[in-house]
Amino acid sequence: MSHSKSRQASFDGWDDDPSSAVDSAATTRAANTTAPPEPAEAAAFKLEDLAGRTVYVIDSHSLIFQVFHALPPMTTPAGQAVGAVYGFTRDLVYLIEEKKPDYLFCAFDMPGKTFRHALYERYKETRETMPIDLQPQIPMIEQVIEAMAIPKLGVVNFEADDVLATVARICNEQQAYCYLVTGDKDCRQLITDYVKVYNIRKNQVYDEAALQADWGIAPKQVIDFQSLVGDSVDCIPGVPLIGPKIAQGLLSEYGTLEGVFEHVDQMKKGKRKQNLIEHQESALLSRQLVRLDDRVPVDIDWTAGRLGGLNPEACEKLFQEFGFRGLTEKVVALGERRHVPQVWEADYQLVSTQQALDELVARLQQQSLLSVDLETTHRSPRWAEIVGYAFAYEPGEAYYVAVRGPRGETELDPLETLKQLRPILENPQIKKLGQNLKYDSIVLRSAGVGLQGVEFDTMVASYLLDAGGRNHDLDYLAKTYLKHDNTKITELIGTGKNQKRMDEVPCAQVAAYAGEDADVPLRLYPLLAERLAEGGLDKLFHDLEVPLIDVLVELEFNGIRVDIPRLQELSEKFGARLDVLEREIYELAGREFNISSPKQLGEVLYQEQKLPVVKRTKSGPSTDVGVLEELARSHPLPRKIIEYRQYAKLKNTYVDALPQLVFPQTQRVHASFNQVVAATGRLSSSDPNLQNIPIRTETGREIRSAFLPEEGWTLVAADYSQIELRVLAHFCQDPTLRQAFAADEDIHALVASQVYDVPLAEVTPEMRRNAKAVNFGVIYGQSPFGLANQLNIERDEAEAFIEAYFARYASVDAFLTEVLNNCRRDGFVRTISGRKRTIAGIRPDPPRRQRNLAERTAINTVIQGSAADLIKRAMLNLHRRLRDESWRSRMLLQIHDELIFEAPPEEIDALIPMVRAEMSTAESLDVPIKVDVKTGKTWADTEPYG
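As a convention, each chain's residues are numbered from 1 in the sequence order in which they are written. With the structure being a predicted model, the display of local features is reserved for residues of pLDDT at least 70 and the display and counting of side-chain atom pairs for 80 or more, all residues being used for whole-chain, interface and lining totals. Side-chain figures throughout are based on the complete set of non-hydrogen atoms in the structure, without hydrogens or water.

(A) Main features of the overall build of the protein chain. What the protein chain contains, in helices and strands, is 37 helices and 27 strands. Since a compact globule built from 946 residues should have a radius of gyration of about 30 Å, the 32 Å found for the protein chain is in line with a globular shape. Per-residue burial for the protein chain yields a buried fraction of 54% across its 946 residues. Calculation of accessible area relied on Shrake-Rupley with a 1.4 Å probe; when residues are assessed, cover is drawn exclusively from the protein chains displayed. Accessible surface computed for the protein chain: about 40900 Å², of which carbon and sulfur atoms make up 48%. Each charge sign in the protein chain was given a centre, from 108 positive and 138 negative side chains, and these centres are 2 Å apart. In this description a helix means any DSSP run of H or I spanning at least four residues, a strand means any run of E spanning at least two, and both kinds are numbered starting from the N terminus. Our radius of gyration is a C-alpha quantity, and the globule rule it is checked against amounts to 2.2 Å times the number of residues to the power 0.38. For every residue, the accessible area obtained with a 1.4 Å probe (protein chains only) is divided by the maximum for its type, and the residue is called buried under 20%, exposed over 50%, and partly exposed between those limits. Charge assignment: positive for Lys and Arg, negative for Asp and Glu; neither His nor the chain ends contribute. Where a charge lies is defined by one atom per residue type: Lys uses NZ, Arg uses CZ, Asp uses CG and Glu uses CD.

The following block contains the structure:
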């Protein structure tokens, strides 16, 4: 595998193929008219000759709900929810790129009721209200549509489906090929030889043959079919006891709804016949409700519907605001903008002879600041070998020292070259800068060299300047700050089966690439340093985040020992448990099915087991874990499904995967600790993600039992106790909370006592559990609805409990309000160490206890971000003491609020008080900081020390 660490692709949300998941604008093209109906083609815009053309019409709200429920949460750099915007935009790009329609339109439901509500008051009355985090995304989607010059269609008193029907009729009459992008089954009535329904999630066209295979009817029978069956989602009454199979049989025999009722007297006696007689009017009403109006008065600007009017500049600006890095280049390319890059003057030289190296080393020794970059053979630093070194000390100039390359290309010996470069790399007086210097430091340390004098990391600087951004890689920074397009790594090493290692690429080509890797950070340095100072972030950067790089190098280099035989034992055990669970699930379900298929699981739970539908998505009843947990209260099957999912995930993610990640030379896993991912400032881990191993479950403990210290040593786990609640008490200055922490009282029992107004001794376990949920829920802006679900209590009871809490702890309420007011005024929040995060979307007067994502994010960033600052500072102080005092003990892992060490027996008694002291004094809070320390021979069996 080839690798260039400075060009690592950052996470941008989801795959570009939508089939793998998923200020109001454009109103100039939206018809908001209440004029009497007239043929749509007689409207203001001239109907073009559509024969043979391809027209795509998107049922916008259908697609918006699909992507909102299908994709994980995503926020803009300013903290606004934007997952649905991203998913919708990505689908637009996919349609334009892959389907290449001649015309593209977006149909929207307009505000207010429709003519169907006049026919039937209960129409869609049980539809869930739009989620609070989706509402503000609709105007953002409309901004995208306008920037991409896609006409928006909508008519007051009609639904988007009626607009689709109108466009479909026109296309059918003009013999144009029309594709209705929707998940709504009502549109199946529109299918003709020219009109099809398109499922973008599955990339499937639904035509007459698919309808026949699915429902066993023709398109002309769809309306009558739905009139009989009804639709509980839209409150279409239908006829009781007439399901899809029976409706298909009736229409197959009698042809139409009228035919069914004309022959009802000839049917066998029974409840079905009685229902058909008694509910004839209901069926006829249902037919009025499901029949789409294909002659709505919508103005269709066919000229505007032609693709090609996209505004690249507007899209680029908008996508940068939303954080859509991956989509920007695609959309700009779709706009066919002629991009004239700025002249990039650079001289990147290959150093491949001893004489050239000697001359370079002499010059490097005279520098006070160097930009450094390594080219290697692997993306994981512990596995990587050095292919070459790149240095830059003047903008526009760089030197690449090649030590590995295609056979016969290089004359430099890797070991002798490193010997010459060592005094420069290890000289703290020669300051170093670069992109992701943590990677280079680990690679060099593996080669026996300690990189000294790290002064500036452009990736870390970008992260502090844009904490909510998802991209801090060098290509993005070069494009954003220097208006320069870096050479892509794939241009050197290729992709897929033909991908090369970097040492297989001609040295001259690597020199140009690596030189850029060193030159670009050098050019970025003054720009980013100035912005850090302007944002008041330079002290945080130089005092905490840059020194932390050396700490993370230590952790990743050390790794943690893994017991592979234990993992193999667990693999067999988990596999056997999965087999048992599979049999139990089939027995409870009454048949075999694909447990991992949400569709098949939904059929078992809701159609066959008749369990109540707790939550719906656009694709049908939900089977997510929250729903299963609620259903498990009344049925054993969902509980078994939850357990099956847990075992399967842990087996695949850890038990079977960890042995593949063990570095053969150390028999350890060397997880990566990511400094520039979590917007709050917390560290995350990957390869493997050790932070996701369950803490309180037996399966989680079993996995942790496979993590060991050095042979004969002991693991030491030091964990902050309720650190976020202590941070909250520090900020809000509540006297009761501060006194409780000072006295080391049970904070959850105390709060229960205060809120329930009972003596502390009379607090029950249930009272304490409720208080604990509220204590932590406050930090995350939990609503009464969320608390009710968590505690399995009524919403009114949850709301009363939250109100009682804030009445007793008014200073907490005042602090949270102050955070939101300051964020609304300033546009950002700060942590205890000055970490800054820009957040937009704080409302002037939000409904009481109903916070949107931006508001929850603002509060969480201040509290959780401050806790993150605290443990980072503790790690830095501990690292310095372990190094400067020559301890043999080593820091191995950081897991949320916990630090893991390994120590020889003779150091245990001294290490533990030292760790406690450094962690408890890392930050000055107005409440004591408590640290719980445990020791053990495995991570699972650590017990309180002393």
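(B) A look at the nonpolar core. Buried residues of nine kinds, namely Ala, Val, Leu, Ile, Met, Phe, Trp, Tyr and Cys, make up a nonpolar core once their side-chain atoms join them within 4.5 Å. Core analysis: the biggest nonpolar cluster contains 166 residues, and Phe-707, Tyr-720, Val-812, Met-875 and Phe-901 have the highest contact counts within it. If one sorts the elements of this core by residue count, helix α36 (residues 853-884) sits on top with 13 residues. Once residues within four sequence positions are removed from consideration, Met-875 is found in contact with Leu-548, Val-551, Leu-552, Leu-555, Leu-683, Met-891, Gln-894 and Leu-899. The contact definition used throughout considers only heavy atoms, calling two residues in contact when any of these lie within 4.5 Å.

(C) Broad picture of the packing of aromatic side chains. Only Phe, Tyr and Trp rings are paired, with Trp represented by its six-membered ring, and only when their centres lie within 6.5 Å; those with planes under 30 degrees apart are stacked, over 60 edge-to-face, the remainder tilted. Under the criterion given, the structure shown has 21 aromatic pairs. Considering the side-chain rings of Phe-319 and Phe-324, the 5.8 Å spacing of their centres and the 55° angle between planes classify their relative orientation as tilted. Ring pairs connect the aromatic residues Tyr-86, Phe-319, Phe-322 and Phe-324, which therefore count as one cluster. Ring-over charges, as used throughout, are those where CZ of Arg or NZ of Lys falls within 6 Å of the ring centre and within 35 degrees of the ring normal. Its end group placed over the ring of Tyr-399, Arg-363 keeps NZ or CZ at 5.0 Å from the ring centre. In this structure, Arg-382 packs its charged tip against the face of Phe-557, placed 3.8 Å from the ring centre.

(D) Structural detail: the sheet that holds strand β25 (residues 898-903). Two strands pair if DSSP finds at least two bridges between them. On the basis of which strands lie adjacent, the open sheet formed by 5 strands has the order β24-β25-β21-β26-β27 and antiparallel pairing. The two strands at the open ends of the sheet, each matched to only one other strand, are β24 (890-895) and β27 (943-944). Looking at chain direction, strand β21 (residues 714-720) and strand β26 (residues 931-936) are connected through 6 bridges and run antiparallel. Within β26, the residue paired with Ala-717 across the bridge is Lys-934.

(E) Just the environment of Val-298, in detail. Here Val-298 shows up in the loop between α11 (280-290) and α12 (302-305). The class for Val-298 is buried, based on a relative accessible area of 0%. It is 70 Å that separates the C-alpha atoms of Val-298 and Gly-450, two residues lying 152 residues apart in sequence.

(F) Up close: empty space enclosed by the protein. Computed from the structure, the largest cavity encloses a volume of approximately 90 Å³. It is helix α32 (residues 765-779) that provides the largest number of residues to the lining of the largest cavity, a total of 3 residues. In the scheme used here, Gly and all other residues not listed as nonpolar or charged are polar, with Ala, Val, Leu, Ile, Met, Phe, Trp, Tyr, Cys and Pro taken as nonpolar and Asp, Glu, Lys and Arg as charged. For the lining of the largest cavity, a count of residues per class yields 5 nonpolar, 2 polar and 2 charged. Residues are said to line a cavity or pocket when one of their atoms sits within 4 Å of a point; the points come from a 1 Å grid over protein atoms alone, cavities being sets where a 1.4 Å probe fits but cannot get out and pockets being open sets with protein on both sides within 12 Å along at least five of seven lines. Grid points are joined across faces, edges and corners, and a volume is the space filled by probe spheres set on the points. Considered as a void within the structure, the second largest cavity measures approximately 50 Å³ in volume. What lines the second largest cavity is simply Tyr-123, Asp-186, Gln-226, Gly-230, Asp-231, Asp-234, Ile-236, Leu-289 and Val-290. Of the residues in the lining of the second largest cavity, the class split is 4 nonpolar, 2 polar and 3 charged.

(G) Spatial organisation of the packing of helix α18 (residues 458-465) against helix α21 (residues 507-534). Every axis in this analysis is a line fitted to C-alpha atoms, fitted for helices over the stretch in contact. Angles between the N-to-C directions lie between 0 and 180 degrees. Put simply, α18 and α21 touch, their axes get as near as 10 Å, and they point 30° apart. In this view, α18 runs roughly parallel relative to α21, as classed from their interaxial angle. As α18 packs across α21, the resulting crossing turns out to be left-handed. Contacts from Thr-458, Ala-461, Leu-464 and Leu-465 of α18 reach α21 at Pro-521, Leu-524, Leu-528, Arg-531 and Leu-532. What sets the label is the angle itself: under 35 degrees gives roughly parallel, over 145 gives roughly antiparallel, 65 to 115 gives roughly perpendicular, and the rest give oblique. The crossing is said to be left-handed when, going from far helix to near helix, the turn is anticlockwise and less than a right angle, and right-handed when the turn is clockwise.

(H) Geometry of the sheet that holds strand β7 (residues 347-351). Here we have 6 strands laid out as an open sheet, ordered β7-β10-β9-β8-β11-β12, and mixed in their pairing. Of all the strands in the sheet, just β7 and β12 (454-457) have a single pairing partner and so form its edges. Geometrically, the sheet is characterised by an average inter-axis angle of 25° between neighbouring strands, direction not taken into account. In the sheet, strand β8 (residues 369-376) pairs with strand β9 (residues 386-392) via 6 bridges, with the strands oriented antiparallel. Across the sheet, residue Asp-373 finds its bridge partner in β9, namely Ala-390. Strands β8, β9, β11 (431-434) and β12 of the sheet are contacted by helix α17 (residues 437-446), whose axis makes an angle of about 70° with β8. Most of the contacts of α18 go to β12, to which it runs at about 55°, and overall it touches β11 and β12.

(I) Fine view of the environment of Asp-656. Inspection of the secondary structure assignment puts Asp-656 in the loop between α26 (636-655) and α27 (658-661). Measuring from C-alpha to C-alpha, the distance between Asp-656 and Ile-564 comes to 9.8 Å, with 92 residues separating the pair along the chain. In this structure Asp-656 touches Ser-571 and Lys-651, once residues within four positions along its chain are discounted.

(J) Examining unusual backbone geometry more closely. The linkage connecting Asp-687 with the following residue, Pro-688, adopts the cis geometry, with an omega of 5°. The topology assignment puts Pro-688 in the loop between β19 (684-686) and α28 (698-704). In this structure, Lys-100 takes a positive phi of about 45° despite not being glycine. Following the sequence through the fold, Lys-100 ends up in the loop between α2 (83-99) and β2 (103-107).

(K) The arrangement of the pattern of salt bridges in detail. For this document, the term salt bridge refers to a Lys or Arg side-chain nitrogen within 4 Å of an Asp or Glu carboxyl oxygen. Applying the stated rule across the entire model yields 47 salt bridges. The salt bridge involving Asp-485 is made with Lys-479; its shortest N-O contact spans 3.2 Å. Under the relative-accessibility criterion, Asp-485 is labelled partly exposed at 35%. For Arg-835, the salt bridge is made with Asp-869, and the minimal N-O distance between the two is 2.8 Å. On the criterion of sequence distance, the pair formed by Arg-835 in the loop between β22 (828-830) and β23 (836-838) and Asp-869 in helix α36 is long-range, its members being 34 residues apart.

(L) Examining the pairing of β9 more closely. Most of β9 sits inside the fold, with 7 of its 7 residues counted as buried. As paired elements, β9 and strand β10 (residues 397-402) share 4 bridges and run antiparallel to each other. In the strand pairing of β10, Phe-391 is matched with Tyr-399. Hairpin connection from β9 to β10: 4 residues lie between these consecutive antiparallel strands, with Gly-396 at a positive phi of about 90°.

(M) Fine view of the state of the cysteines. Two cysteine sulfurs form what is called a disulfide whenever their separation falls within 2.5 Å. In this structure the tally under the stated criterion is 0 disulfides. You can see Cys-315 has no disulfide; the closest cysteine sulfur is in Cys-106, sitting 13 Å from it. Assessed through its relative accessible area of 1%, Cys-315 is described here as buried.

(N) Up close: helix α8 (residues 244-254). Among the residues of α8, those classed as buried are Ala-247, Leu-250, Leu-251 and Tyr-254. Taken around the axis of α8, the buried residues stretch over an arc of 95°, which confines them to a single face. Across α8 from its buried face, at more than 90 degrees, point the exposed residues Lys-245, Ser-252 and Glu-253. Its buried side turned inward, α8 meets α7 (222-229), α9 (257-262) and α10 (271-278). One or two positions beyond α8, positive phi appears at Gly-255, with a value near 85°. Taking the helix axis as origin, the arc is that swept by the directions to the C-beta atoms.

(O) Looking closely at helix α19 (residues 474-482). Residues of α19 that are buried include every one of Leu-474, Asp-475, Leu-477, Ala-478 and Leu-482, and no others. Mapping the buried residues of α19 onto a view down its axis gives an arc of 165°, with all of them on the same face. Where α19 is buried, its residues contact α18 and α21. Lys-483 sits one or two positions beyond α19 and adopts a positive phi of about 55°.

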